[in-house]
2 protein chains.
Amino acid sequence: VNTTGENEVTQATPDVLDNMRIDGDRLLARIAAMAEIGKTDNGGCNRQALTDEDRQGRDLFIEWARAAGCKIRIDPIGNIFARYPGHDASAAPIVSGSHLDTQPTGGKFDGVYGVLAALEVVSRLSDQRIHLRHAIDVVVWTNEEGSRFSPGCIGSSVATGAMDLDEAYAITDGSGLTLGQELERIGYKGDGQVALGPVTAAFEAHIEQGPILESKQIQIGVVEGVIGLIWYDLILHGVEAHAGPTPMEDRTDPWQAALPILEKAYALAAEYAPHGRCTIGAINASPGSRNTVPGRLTISVDLRHTDQVILNEIDRRFRQQVTDICATKKITYGLSVVWDMPVTAFDQKCISAVTQAVSALGYDYMRMFSGAGHDSVYLARQVPTSMIFVPCENGVSHNEAENARAEDLIAGANVLLQSCINCSAANWAEHR
Amino acid sequence: VNTTGENEVTQATPDVLDNMRIDGDRLLARIAAMAEIGKTDNGGCNRQALTDEDRQGRDLFIEWARAAGCKIRIDPIGNIFARYPGHDASAAPIVSGSHLDTQPTGGKFDGVYGVLAALEVVSRLSDQRIHLRHAIDVVVWTNEEGSRFSPGCIGSSVATGAMDLDEAYAITDGSGLTLGQELERIGYKGDGQVALGPVTAAFEAHIEQGPILESKQIQIGVVEGVIGLIWYDLILHGVEAHAGPTPMEDRTDPWQAALPILEKAYALAAEYAPHGRCTIGAINASPGSRNTVPGRLTISVDLRHTDQVILNEIDRRFRQQVTDICATKKITYGLSVVWDMPVTAFDQKCISAVTQAVSALGYDYMRMFSGAGHDSVYLARQVPTSMIFVPCENGVSHNEAENARAEDLIAGANVLLQSCINCSAANWAEHR
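A. Quick peek at the overall build of chain A. When helices and strands are counted, chain A shows 13 helices and 16 strands. In summary, chain A has a C-alpha radius of gyration of 24 Å against a globular reference of 22 Å for 432 residues, a match within 12%. If you line up chain A on its principal axes, its C-alpha atoms span 90 × 45 × 40 Å. Residue burial in chain A is summarised as follows: out of 432 residues, 61% are buried. Residue pairs at least 24 apart in sequence account for 79% of intrachain contacts in chain A once pairs closer than 6 positions are excluded. Carbon and sulfur atoms form 46% of the exposed surface of chain A, whose accessible area is close to 15,900 Å². Placing the 35 positive and 55 negative side-chain charges of chain A at their respective mean positions leaves the two points 2 Å apart.

B. Main features of the packing of helix H9 (residues 255-271) of chain B against helix H10 (residues 308-329) of chain B. All names here are of chain B. Interhelical geometry of H9 versus H10 gives an angle of 155° and a closest axis separation of 9 Å. One element, H9, and the other, H10, form an angle in the roughly antiparallel class. Two packed elements cross with a definite hand, and for H9 against H10 that hand is right-handed. Between H9 and H10, the contacting residues are Gln-256, Ala-257, Pro-260, Ile-261, Lys-264, Ala-265, Leu-268 and Glu-271 on the first element and Ile-314, Arg-317, Phe-318, Gln-321, Val-322, Ile-325, Cys-326 and Lys-329 on the second. Of the residues in the contact of H9 with H10, the class split is 10 nonpolar, two polar and four charged.

C. Structural detail: the interface of chain B and chain A. Taken together, the 48 residues of chain B in the interface contact 48 residues of chain A. Together, the buried faces of chain B and chain A total about 4,000 Å²; carbon and sulfur atoms form 60% of this surface. Contact with chain A buries surface across chain B, with Leu-259, Tyr-266 and Arg-290 of chain B losing the most and accounting together for 18% of the total. Viewed at the interface, chain A and chain B are joined by two salt bridges.

D. Here's a closer look at the nonpolar core. Judged by nonpolar contacts, the single largest core of 96 residues is most densely connected at Phe-61 and Phe-203 of chain B. No other element matches helix H4 (residues 112-127) of chain B, which puts 10 residues into this core. Those residues within four positions of Phe-203 of chain B in sequence are excluded, and the remaining contacts are Ile-94, Val-95, Ser-96, Gly-97, Cys-350, Ala-353, Val-354, Ser-386, Leu-416, Ser-419, Cys-420 and Cys-423 of chain B. By size, the runner-up hydrophobic cluster in this structure holds 95 residues, among which are Leu-116, Leu-125, Ile-130 and Val-415 of chain A.

E. Quick peek at the relation of the copies chain B and chain A. For the match of chain B to chain A, the screw axis carries a shift of 0.1 Å, the RMSD comes to 0.1 Å, and the turn is 180°. These values place the two chain copies in the arrangement generated by a two-fold rotation axis. Measuring from the rotation axis to each C-alpha of chain B, the shortest distance belongs to Leu-259 of chain B, at 3.1 Å. Most of the interface of chain B is mirrored in chain A: 100% of its interface residues are interface residues there too.

F. Here's a closer look at helix H11 (residues 348-361) of chain A. Residue and element names in this part refer to chain A. Taking 1.5 Å per residue as the helical rise, H11 with its 14 residues ought to reach 20 Å, and the 20 Å between its terminal C-alpha atoms agrees with that figure. Within the span of H11, buried status applies to Cys-350, Ile-351, Ala-353, Val-354, Thr-355, Ala-357, Val-358 and Leu-361. Where H11 begins, one side-chain oxygen reaches toward the backbone nitrogen of Lys-349, 3.0 Å away; that side chain belongs to Asp-347.

G. Fine view of the packing of aromatic side chains. If you walk through the whole model with that rule in mind, you get six aromatic pairs over all chains. When the centroid spacing of 4.8 Å and the interplanar angle of 50° are considered together, the rings of Tyr-232 of chain A and Phe-318 of chain A count as tilted. With Tyr-232 of chain A in strand S7 (residues 228-237) and Phe-318 of chain A in helix H10 (residues 308-329), this pair connects stretches of sequence that are 86 residues apart. For the pair Tyr-232 of chain A and Phe-318 of chain A, one class covers both residues: buried. Against the face of Tyr-169 of chain A rests Lys-189 of chain A, its NZ or CZ located 4.3 Å from the ring centre. Between Arg-58 of chain B and the ring centre of Tyr-188 of chain B, over which it is positioned, the NZ or CZ distance is 4.9 Å.

H. Molecular detail of unusual backbone geometry. Ser-150 of chain A connects to Pro-151 of chain A through a cis peptide bond whose omega is 0°. Mapped onto the secondary structure, Pro-151 of chain A falls in the loop between strand S4 (136-140) and helix H5 (154-159). Here the amide bond leading from Ala-273 of chain A into Pro-274 of chain A is cis, since omega sits at 0°, within 30 degrees of zero. In this structure, Pro-274 of chain A sits in the loop between helix H9 (255-271) and strand S9 (277-279). The residue Gln-209 of chain B is not glycine, and still its phi comes out positive at about 65°. As for its position among the elements, Gln-209 of chain B is in the loop between strand S5 (201-207) and helix H8 (212-216). Residue classification places Gln-209 of chain B among the buried positions, given a relative accessible area of 4%. Of note in the backbone geometry, His-398 of chain B takes a positive phi value of approximately 50° without being a glycine. For His-398 of chain B, the location among the structural elements is in the loop between strand S16 (385-390) and helix H13 (406-425). His-398 of chain B gets classed as partly exposed once you look at its relative accessible area, which sits at 33%.

I. How the structure looks around the environment of Val-112 of chain A. Residues and elements named next belong to chain A. Structurally, Val-112 can be placed in helix H4 (residues 112-127). A C-alpha to C-alpha distance of 8.8 Å links Val-112 and Ala-35, two positions 77 residues apart in sequence. In contact with Val-112, not counting residues within four places along its chain, are Met-34, Arg-47, His-99 and Leu-100.

J. A look at the state of the cysteines. Residues and elements named next belong to chain A. Counted according to the given criterion, the structure contains zero disulfides over all chains. Between Cys-350, a free cysteine, and Cys-423, which holds the nearest cysteine sulfur, the sulfur-to-sulfur gap is 6.0 Å. What makes Cys-350 buried here is its relative accessible area of 0%.

K. Main features of the confidence of the model for chain A. All names here are of chain A. When pLDDT is averaged along chain A, the result is 95, and 97% of the positions lie at 70 or above. Per-residue pLDDT stays below 50 along residues 1-7; that stretch engages in 15 contacts with residues further than four places along the chain or on separate chains. Interface confidence in the predicted complex, given as ipTM, is 0.86; pTM for the same model is 0.87.

L. Structural detail: H9 of chain A. If you check H9 of chain A, its first and last C-alpha atoms are 24 Å apart, about what 17 residues at 1.5 Å a residue would give, namely 24 Å. Among the residues making up H9 of chain A, those that are buried are Trp-255, Ala-257, Ala-258, Leu-259, Pro-260, Ile-261, Leu-262, Ala-265, Tyr-266, Leu-268 and Ala-269 of chain A.

M. How the structure looks around the pattern of salt bridges. On inspection of all chains with the given rule, the structure shows 46 salt bridges over all chains. Across the pair Asp-88 of chain A and Arg-133 of chain A runs a salt bridge whose closest N-O atoms are separated by 2.9 Å. Of this pair, Asp-88 of chain A sits in the loop between strand S2 (80-84) and strand S3 (94-98) while Arg-133 of chain A sits in the loop between H4 and S4, placing them 45 residues apart in sequence. With a closest N to O distance of 3.0 Å, Arg-405 of chain B and Asp-408 of chain B form a salt bridge. Through salt bridges with shared partners, a single network forms among Asp-52, Arg-55, Arg-148, Asp-173, Glu-182 and Arg-185 of chain A.

Thresholds, definitions, all that
Residues numbered from 1 in each chain as written. Chains lettered and ligands numbered in written order. Predicted model: local features only at pLDDT ≥ 70, side-chain atom pairs only at ≥ 80, totals over all residues. Heavy atoms only, no water. Helix = DSSP H or I, 4+ residues; strand = E, 2+ residues; numbered from the N terminus. Rg over C-alpha atoms; globule rule 2.2 N^0.38 Å. Buried < 20%, exposed > 50% of the residue type's maximum accessible area, 1.4 Å probe, protein only. Contact = heavy atoms within 4.5 Å. Areas by Shrake-Rupley, 256 points an atom, 1.4 Å probe, with all protein chains shown as cover. Lys, Arg positive; Asp, Glu negative; His and termini not counted. Charge placed at Lys NZ, Arg CZ, Asp CG, Glu CD. Axes fitted to C-alpha atoms, helices over the stretch in contact; angles between N-to-C directions. Parallel < 35°, antiparallel > 145°, perpendicular 65-115°, else oblique. Left-handed = near helix turned anticlockwise from the far one by under 90°. Nonpolar A, V, L, I, M, F, W, Y, C, P; charged D, E, K, R; others polar. Buried area = accessible area lost by both parts, 1.4 Å probe. Salt bridge = Lys/Arg side-chain N within 4 Å of Asp/Glu carboxyl O. Core = buried A, V, L, I, M, F, W, Y, C linked by side-chain atoms within 4.5 Å. Least-squares fit on C-alpha atoms with pLDDT ≥ 70 in both. Expected span 1.5 Å × (residues − 1). Polar contact = N/O pair within 3.5 Å; in protein donor to acceptor, adjacent residues only side chain to side chain. Phe/Tyr/Trp six-rings, centres within 6.5 Å; stacked < 30°, edge-to-face > 60°. Lys NZ or Arg CZ within 6 Å of the ring centre and 35° of its normal. Disulfide = S-S within 2.5 Å. pLDDT = per-residue confidence, 0-100.

In structure tokens, the structure reads:
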């Protein structure tokens, strides 16, 4: 049955499919070629969203995808859907992708690997003139990083209805250019439907961006979900006073509350180990003079956990600690939530499809949570989703020094291929 | 005996001298007139060192001093010595002064009060055509504040040999102008000797710049010395890591050392209460991103005590605590001393002269240490010195809202007058 009009559609036997492996050399060559676009002196990449470099990266992706027999659709927020046809036109596609934009001093792998691993999956199927029952949409999501246009994950947010299209268009970069203008300028403001539409399942391959797989010497992370987080701004009010003439007992020093609050925040993460996290990344003392008691301390507090029930408990207890300590120390305070991202639990069927793939391939693996956010967080709200992690060197990411081993990148792409095969072979209901 | 050739020199009887009081209205009127020069919208003063406003203030002072029968000498660093003659030309002068320069958003009293109280002392003597045995040098010290040209107390430092004249000349302000250029520009680069020369004693009246006198409802502080301080820069090195994917046990988080170090620094101040002080005025987390474990914390630590033996002990223990905690927490650190100002002990004879004056005048008083630095710190290294404090509103200084009660300002000037009388009546050896 030829349903596409373009490719001869072959239904391979299970045995052929089980033994299919991606072309590692091609995958690595494409990662290297993509890294040439916006490459930095220190071996990283600066290919920020909707810049000329982003356009070049997108153009190159489309060239490769067309060569693999994909049809290209650009949606209104600039997400690229490269569809490799399936032999059952009534089956909703399997989606697999990530992003091509980078941090200003980013690396070669974050996002790029997920896009090119998915492209390699369809390229390999195309090499062998094999089509699965389901089409595979290789997707490039717009502006995942959020470094040029904030927040991140704008493409996946708009496609899944979490952000309004016009709101997204109006977001400006540091120089006042809007996202809408820049999409148009680089020629990637598409048309047609904004919403993602029916999807069977979504898989995203990614470097771990953390140290766990490497330190445990495990090649594949089967990702069960994404850690939830709450970002707080804690403001502690003191009274400015000269460090010399003001006796200690006459001071209102916000540090008297800050020190026990921070200690207890760290203790919460420890109490709910190993999945609790506490990070104090930013602090400001005002006026910031070394011989003046601060009139104000502003402290960022980032608390995370992989279990929503526990994260709620951490939130409740942290707030109570702030209240109690500030009352005891007679310090007035403000505590505001800057961002609250609930725990994302990935789909059990998708997790099984990945686990089955990695088991059959014989790689070492572990189940784990993602500590960083991804486009898959938004996809998971609408469609069955999971992710596949591979180790990265020293856990370093968002950094020009970002690195990953060839064998791991190839293994991850093979897991992605086999996950898609497993998913397509199973008889899941489609999801909207 | 007329030793001056300008004034009729009258030796008053002890009874006349005991009953002398300064002219409070004139003192207050002069403080108000000086406050017009560089006055700010919020009721304060911006009369920074060696600006046109500083020149106007100096000119006005000299006009008043000449009217009181003083001879003016400007030294090479711009200190103004207005000499009211004594009847014994062989007796080294009593020095009394302070500074006319202010902070950018300073008040009407810091420094100004000490200059104009001393001027009032000689003005009152002049009104009555009375001369003490000793000449009185009313001194305006150059650039006490240190806000335009850093450090502070440059005039008194140079005059007492603590700073080299050429080094002082070369100091630049924020726009690159040198102190030497600016002294010349405003016409206050004098000539003659740099060194202070023989002095019998030095007294400086000042607002307290702290809350102690006001809160205890005491009118006069007899100042026994100036608190010693050590300013440290503590740098704690961590390893930058993403707040999400990095497990707590894989982190090198400088906060793990910072929290106990700061707690123990505050505990040191408490252990050596009431004269111990600990202030954490400035802190920087690098890179300062809320979802990144800081790679570096830079913290200013200001430790003070009025007893040098205890300050040495605080220094020793603080260093040991930093070493021990960083070793336990496996955090590398750097600890540098930015400034080490030893405790200044004022002269017992001067303290007695002031105590005797305030007792005779019947004001409430207490002995106390100065928590802030003053020109008297440098004078005290060479000549018998003490200070007289009066309360200021809410202990506020270095602020446009700086305020003091008329009755306290008048009382302090009377104490200064009687202290000079007591000092001159006593038969102290002169000091070089």
